[in-house]
Amino acid sequence: MSSARYLEISKMGKTFPTDTGGFEALRDVQLTIQQGEFISLIGHSGCGKSTVLNIVAGLEQASVGGVILEGKHINEPGPDRAVVFQHHALMPWLTVYENVELAVAQVFRGSKSAAEMREWILHNLNLVGMGHAADKAPHEISGGMKQRVGIARCLAMEPKVVLMDEPFGALDALTRAKLQDSVMAIQAELKNTIIMITHDVDEAVLLSDRIVMMTTGPAATIGEIVEVKLPRPRDRLALAEDQQYNHCRHQVLEFLYSSDDDNSEELEPSATIESVQTAVDVSTDDTVIKNSSNQAA
Amino acid sequence: MSVTTADSSSAGTASPVASSKSRIGDFVAAKLFFPTFGILLFLAFWQIVAANIVTSLGAFPGPAEVWTQSKNLVVEHQEQRAKAEAFYERQEKRNAARLEKDPDAPVKIRSYTGKPTFFDQIFTSLYTVAFGFVIATAIAVPLGILCGLSESAYQAINLIIQVFKPVSPLAWLPLVTMVVSAMYVSDSPMFEKSFLNSGLTVALCCLWPTLINTTVGVAGVDRDLVNVSRVIKLGSITHVRKVVLPSSVPLIFTGLRLSLATGWMVLIAAEMLAQNPGLGKFIWDEFQNGSSNSLGRIMAAVITIGLLGFALDQLMLRLQRWLSWDKQAVVR
Ligand SMILES: Nc1ncnc2c1ncn2[C@@H]1O[C@H](COP(=O)(O)OP(=O)(O)OP(=O)(O)O)[C@@H](O)[C@H]1O
Ligand SMILES: [Mg+2]
């Protein structure tokens, strides 16, 4: 399997049934993701980011087109596409350990012995720095710690793709920074393929290989993709002064604000891309890829 | 800074004592004083009202009269027990004597058939309601889980629930009676027919609150948690055990408590109507008796029914606290 077309979202559309005939949330979403890539999805609230993620997870079905992972069409959820939820989604009646165990016991049933499972659970808890709290109940640990456990549970399934829906959205800035560093370190080690939804431009630039920006709905689609070619490992303090970093940041901000204007004037999506592309005609390593050129690639 | 700490520490010797005293004071007020006050007020009111009501069976019983009758009920019960014991003792002696004369003599053991006392009736009512409640729970909880999990199961059954729920269980009583006498024919019956009649009638009315609350509880499991379960691909039994049941325990128990309370009310009515043994029959018999003591004895039964209903509810609460994962939750 070539890693260039590891995960493919092809011509995907989603229409939600409503009382007034149906609401077209997504139209013609097209994206190809390589193995080991870190992708951020960014866009205005309600544009359909969660919907894209849920379809990749298999929690929802696409109305048109679909998602192909390693050559296989996706139509149901599974542990190969583990999800980190915005609000941790830990079972409050299980301890930290048992929460991870619930997933591990199911995914590795028959392939790991009880002792191996135990070791694997603790290994993953240690990976996110939560080994010490294994026997605590979720209500006894902080929000950031819960999110760490959610990440541990996700990683413990050894997913092909990690899907994160605003994983740090509910956390304070300091905790968020720490968790971002943890995620970067883990990804450097495990080389996971990650799709993350975020509202935080800095977070997107710091973590991603590519930032996928979505137009405002209805019938939302991918507006632009910014490639972040900053070398890894990345250091948030050093990057604050980095020209390339700030350029990427600027590109994302510009897209978000200009698409805000488009929304009020109801312009054609192609017009958006044109105008942005002329604006970003600066000589840098970063490339703004038009939606159409991405399809051709 | 040091001055302030010195200040507060000197005051500190007095203030914690004072605050803990006032906390005990609050507790006494909340748990002892006001309830006692309320009960005394009620008794006084009852006494005054009772003295002003005269029935064909004499004055309406006040608290004192009811207390006397309650003691009588205890005495009657003890007398009956003594009689029964004496009866069995005599029988045993007779049998022993007979066996001594002739070791092959057939030994007959007959059971004592005295009139059931007030306490016998209490016991009958309690196990009848337990029987009906257990049957209803065994049906309603699994069915509720099914309806909560599957929209189609819910749609299939919803209308039936809505139609049968408002039916007074007493309307079922004649049907249950006829069906039981037709179907339950056995030479050595495990249960009395009257027991089955009352028990099944109770079960019919215990079904609905549990069924509805379980359905709502199961359907209302947090979407994220359900999605976690779907991503992990938990099997349906593990899903129910690890995700659905723990999160719907509070609502299931709300249903169970409502069921038990209704079941208890219905049972008394069913026993009165069908002349089935139990507290309801006790009340009806006293009413038919029409002695000057009857009203006092009925009132004693009424209070007993209330206290037992309360005790049953407390029992369910204990059970809920014991089963629930959330020990912090305030359960009322
Ligand atoms: N089940 C549904 N039925 C009807 N409309 C829906 C449903 N789910 C989502 N939508 C609509 O689809 C659009 C996209 O929703 P989605 O949750 O994907 O947005 P989002 O980009 O994740 O927003 P946010 O950033 O606020 O989380 C919204 O306009 C929403 O109202
Ligand atoms: Mg969302």
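Read on for a plain summary of the structure. Just so we're clear, the structure is a prediction, and the values are computed from it rather than from any experiment. (Residues numbered from 1 in each chain as written. Chains lettered and ligands numbered in written order. Predicted model: local features only at pLDDT ≥ 70, side-chain atom pairs only at ≥ 80, totals over all residues. Heavy atoms only, no water.)

## Things to note about the overall build of chain B
Moving on, step 1. From N to C terminus, chain B includes 11 helices and 2 strands.
Moving on, step 2. Here the C-alpha radius of gyration of chain B, 28 Å, is well above what a compact globule of 332 residues would show, namely 20 Å.
Moving on, step 3. Along the first, second and third principal axes, the C-alpha atoms of chain B reach 100 × 60 × 50 Å.
Moving on, step 4. For chain B, restricting intrachain contacts to residue pairs at least 6 apart in sequence, the fraction spanning at least 24 positions comes to 70%.
Moving on, step 5. Summing over all exposed atoms, chain B offers an accessible surface of approximately 20,100 Å²; the carbon and sulfur share of this is 67%.
Moving on, step 6. Averaging the coordinates of the 28 positive side-chain charges in chain B and doing the same for the 22 negative ones gives two points 4 Å apart. (Helix = DSSP H or I, 4+ residues; strand = E, 2+ residues; numbered from the N terminus. Rg over C-alpha atoms; globule rule 2.2 N^0.38 Å. Contact = heavy atoms within 4.5 Å. Areas by Shrake-Rupley, 256 points an atom, 1.4 Å probe, with all protein chains shown as cover. Lys, Arg positive; Asp, Glu negative; His and termini not counted. Charge placed at Lys NZ, Arg CZ, Asp CG, Glu CD.)

## Thoughts on unusual backbone geometry
Comment: phi is negative for the bulk of residues other than glycine, and the bulk of peptide bonds are trans.
Residues and elements named next belong to chain A.
Moving on, step 1. With an omega of -5 degrees, the peptide bond running from Arg-232 to Pro-233 counts as cis.
Moving on, step 2. Tracing the backbone through its elements, the reader meets Pro-233 in the loop between strand E10 (222–227) and helix H7 (236–239).
Moving on, step 3. Not every positive phi belongs to a glycine, and Lys-11 is a case in point at roughly 45 degrees.
Moving on, step 4. Relative to the helices and strands, Lys-11 resides in strand E1 (residues 7–16).
Moving on, step 5. Taking the relative accessible area as the measure of exposure, Lys-11 reaches 46% and is therefore partly exposed.
Moving on, step 6. Here Asp-28, not a glycine, exhibits a phi torsion of approximately 55 degrees, which is positive.
Moving on, step 7. Mapped onto the secondary structure, Asp-28 falls in strand E2 (residues 23–33). (Buried < 20%, exposed > 50% of the residue type's maximum accessible area, 1.4 Å probe, protein only.)

## Digging into the environment of Lys14(A)
Moving on, step 1. Turning to its location among the elements, Lys14(A) is positioned in strand E1.
Moving on, step 2. With 63 residues separating them along the chain, Lys14(A) and Pro77(A) place their C-alpha atoms 17 Å apart.

## As for the sheet that holds E2(A)
Residues and elements named next belong to chain A.
Moving on, step 1. If you walk across this open sheet you meet the 4 strands as E2-E1-E4-E5, and the pairing is antiparallel. Every interior strand has two partners, whereas the edge strands, E2 and strand E5 (72–73), have only one.
Moving on, step 2. Relative to E2, E1 runs antiparallel, the two sharing 7 bridges. When the bridges of E2 are listed, Thr-15 appears paired with Glu-24.
Moving on, step 3. Along the sheet face, helix H1 (residues 49–57) touches E1, E2 and strand E4 (64–69) and points at about 120 degrees away from the line of E1. (Pairing = 2+ DSSP bridges. Axes fitted to C-alpha atoms, helices over the stretch in contact; angles between N-to-C directions.)

## Considerations on the site of ligand 1
All names here are of chain A.
Moving on, step 1. Within the structure, ligand 1 sits among Phe-16, Phe-23, Ala-25, Ser-45, Gly-46, Cys-47, Gly-48, Lys-49, Ser-50, Thr-51, Glu-166 and His-199.
Moving on, step 2. One of the backbone nitrogen or oxygen atoms of Gly-48 is found 2.9 Å away from an oxygen atom of ligand 1.
Moving on, step 3. Starting from 630 Å² of accessible surface for ligand 1 in isolation, the protein chains cover 62%.
Moving on, step 4. Contributions of two or more residues to the shell around ligand 1 are made by E2 and H1.
Moving on, step 5. With 3 residues, H1 is the single largest residue contributor to the shell around ligand 1. (Near = heavy atom within 4 Å. Polar contact = N/O pair within 3.5 Å; in protein donor to acceptor, adjacent residues only side chain to side chain.)

## So, the pattern of salt bridges
Moving on, step 1. In total, this model carries 16 salt bridges over all chains according to the counting rule given.
Moving on, step 2. Salt-bridge contacts for Glu76(A) lead to Lys233(B); the nearest nitrogen and oxygen are separated by 3.0 Å. One end of the pair, Glu76(A), is in the loop between E5 and strand E6 (81–84); the other, Lys233(B), is in the loop between helix H8 (223–232) and helix H9 (236–274), on a second chain.
Moving on, step 3. Its relative accessible area of 41% is what places Glu76(A) among the partly exposed residues.
Moving on, step 4. Here Arg236(A) and Asp181(A) are joined by a salt bridge, their closest N and O atoms 3.1 Å apart. (Salt bridge = Lys/Arg side-chain N within 4 Å of Asp/Glu carboxyl O.)

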